[in-house]
Amino acid sequence: MINLFVDTSYKTLFVALLKDNNLIDKIQIMSEFNFSETMIPTLNKILCDNNLKAADINKIFAIVGPGSFTGIRIGLTAAKTLAYVLNIPIVALSSLEFMATTTCNTDYIIPFIDARHNMVFGGVYDKDGNPLIPDSYCFLDKLVSSLNGSYTFVTFDEKIVDNFVIPKYDVCKIVMRHINDSGENCHRIKPNYLKKTEAEEKLNDTRV
């Protein structure tokens, strides 16, 4: 059983291959502004490096958001195209849940992504990666206000808070948590932006 993992939702392009539930290879590239140029070559490289073909993939695990609107579209389009051609399912995963695989010695893990205008895409997870407060588009203070215990912010956006850790992804942890998910037909998989795009917001803004 070969599983492919794809994430282009945030600051990095992250691609991994797992065989029989064991990680066999991964590639993580700081590639925020050129996902469109690096996505397909990276997929080709990881398959070739492991003497595999696209046809060997049995299931795809894809991050669907929240995060960069453009980044999500690029990674998800590649995943959906592969799934369509190979007729295999996609398991949709949260970018914040992936960030919450970072090992932290606190009661709670708060992964977040800067959504601008003092807002974030964020959620609250326990040490085992279980969601306690659903992923939301909100003020960061809202995620913290109801917590009773210690917590760690996990983010690449160092300008938002002083005490934080950079995400150290554990792809095995998130894939094994969802390994028995049946997945969905590629046509049913949609990005989870958590908010409208700026163009959509302006379109609906009566002041414009």
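Quick look at the structure, then. (Residues numbered from 1 in each chain as written. Predicted model: local features only at pLDDT ≥ 70, side-chain atom pairs only at ≥ 80, totals over all residues. Heavy atoms only, no water.)

What to know about the sheet that holds strand β7 (residues 119-126)
In any sheet, the strands associate via hydrogen bonds between backbone groups, in a parallel or an antiparallel arrangement. Put simply, the test is: Two strands are counted as paired when DSSP detects at least two bridges linking them. Each helix is a run of H or I in the DSSP string that is no shorter than four residues. Each strand is a run of E no shorter than two, and both are numbered from the N terminus.
The sheet built from five strands is open, its strands ordered β8-β7-β6-β9-β10 with mixed pairing. Single-partner strands in this sheet number two, and they are β8 (131-138) and β10 (164-165). The pairing of strand β9 (residues 151-154) with β10 spans two bridges and is classified as parallel. Bridging from a neighbouring strand, phenylalanine 153 pairs with phenylalanine 164 of β10.

Quick notes on the environment of methionine 1
To be explicit about the condition: Relative accessibility thresholds used throughout: buried, under 20% of the residue-type maximum; exposed, over 50%; partly exposed, between the two (1.4 Å probe, protein chains only). Two residues qualify as a contact provided that any one of their heavy atoms is within 4.5 Å of a heavy atom in the partner residue.
You can see methionine 1 is positioned in the segment before β1 (2-7). Taking the relative accessible area as the measure of exposure, methionine 1 reaches 52% and is therefore exposed. If we ignore the near neighbours within four places in the chain, the residues touching methionine 1 are Leu18, Lys19, Asp20 and Asn58.

Examining the packing of helix α1 (residues 35-49) against helix α2 (residues 69-86)
We apply this condition: The angle between two axes is taken between their N-to-C directions and runs from 0 to 180 degrees, where each axis is a line fitted to C-alpha atoms and a helix contributes only its stretch in contact. An angle counts as roughly parallel when it lies under 35 degrees, as roughly antiparallel when it exceeds 145, as roughly perpendicular when it falls between 65 and 115, and as oblique in every other case. Here a crossing is taken to be left-handed if its near helix is turned anticlockwise relative to the far helix by less than a right angle, and right-handed if that turn runs clockwise. Amino acid classes used here: Ala, Val, Leu, Ile, Met, Phe, Trp, Tyr, Cys and Pro are nonpolar; Asp, Glu, Lys and Arg are charged; the rest, including Gly, are polar.
The interhelical angle for the contact between α1 and α2, taken along N-to-C directions, is 30°, at an axis separation of 10 Å. In terms of orientation, α1 lies roughly parallel with respect to α2. For the pair α1 and α2, the sense of crossing is right-handed. Taken together, the residues of α2 that come into contact with α1 (itself represented by Phe35, Ser36, Met39, Ile40 and Leu43) are Gly71, Ile74, Gly75, Ala78 and Leu82. For the contact of α1 with α2, the class distribution of residues is seven nonpolar, three polar and no charged.

Brief notes about the nonpolar core
Note the cut-off: For our purposes a nonpolar core is just a set of buried Ala, Val, Leu, Ile, Met, Phe, Trp, Tyr and Cys residues, chained together by side-chain atoms within 4.5 Å.
The biggest cluster of nonpolar side chains holds 27 residues, and the ones touching the most others in it are Phe5, Phe98 and Val175. Counting only elements with at least two residues in this core, the list comes to β2 (12-19), β4 (59-65), β5 (90-94), α3 (95-99), β6 (108-116), β7 and α5 (171-177). Ignoring anything within four residues of it in the chain, the contact list for phenylalanine 98 reads Phe5, Asp7, Phe14, Ile63, Tyr169, Asp170, Val171 and Ile174. Leu17, Ala62, Ile90 and Cys186 belong to the second largest nonpolar core, which has 26 residues in total.

Remarks on the pairing of β5
Note the threshold: Consider the strands pointing away from the viewer: the crossover is right-handed when the path from the first strand over the helix to the second runs clockwise.
Taken across its five residues, β5 has four buried, putting it largely inside the fold. By the bridge criterion, five bridges tie β4 to β5 in an arrangement that is parallel. Each residue of the ladder has a partner; that of isoleucine 63, found in β5, is leucine 93. After leaving β4, the chain enters α2 and then returns to the sheet as β5, a path that is right-handed.

Side note on the side chain of aspartate 7
In this fold, aspartate 7 is placed in strand β1. When near neighbours in sequence (up to four residues on either side) are disregarded, aspartate 7 contacts Thr12, Leu13, Phe14, Ile63 and Phe98.

Notes on the packing of aromatic side chains
The geometry of an aromatic ring pair comes down to the distance between the two centres and the angle between the two planes. Stated formally: Only centres within 6.5 Å qualify two rings of Phe, Tyr or Trp (six-membered ring in Trp) as a pair; their planes then separate them into stacked at under 30 degrees, edge-to-face at over 60, and tilted for everything else.
Counted by the stated rule, this structure contains ten aromatic pairs. Taken together, a centroid distance of 5.1 Å and an interplanar angle of 65° make the contact between tyrosine 10 and phenylalanine 156 edge-to-face. Taken together, the positions of tyrosine 10 in the loop between β1 and β2 and phenylalanine 156 in the loop between β9 and β10 put the pair 146 residues apart, joining distant regions of the chain. Its relative accessible area of 6% is what places tyrosine 10 among the buried residues. Judged by its relative accessible area of 10%, phenylalanine 156 is buried. Judged by centre distance (5.6 Å) and plane angle (40°), the ring pair of phenylalanine 121 and tyrosine 137 falls under tilted.

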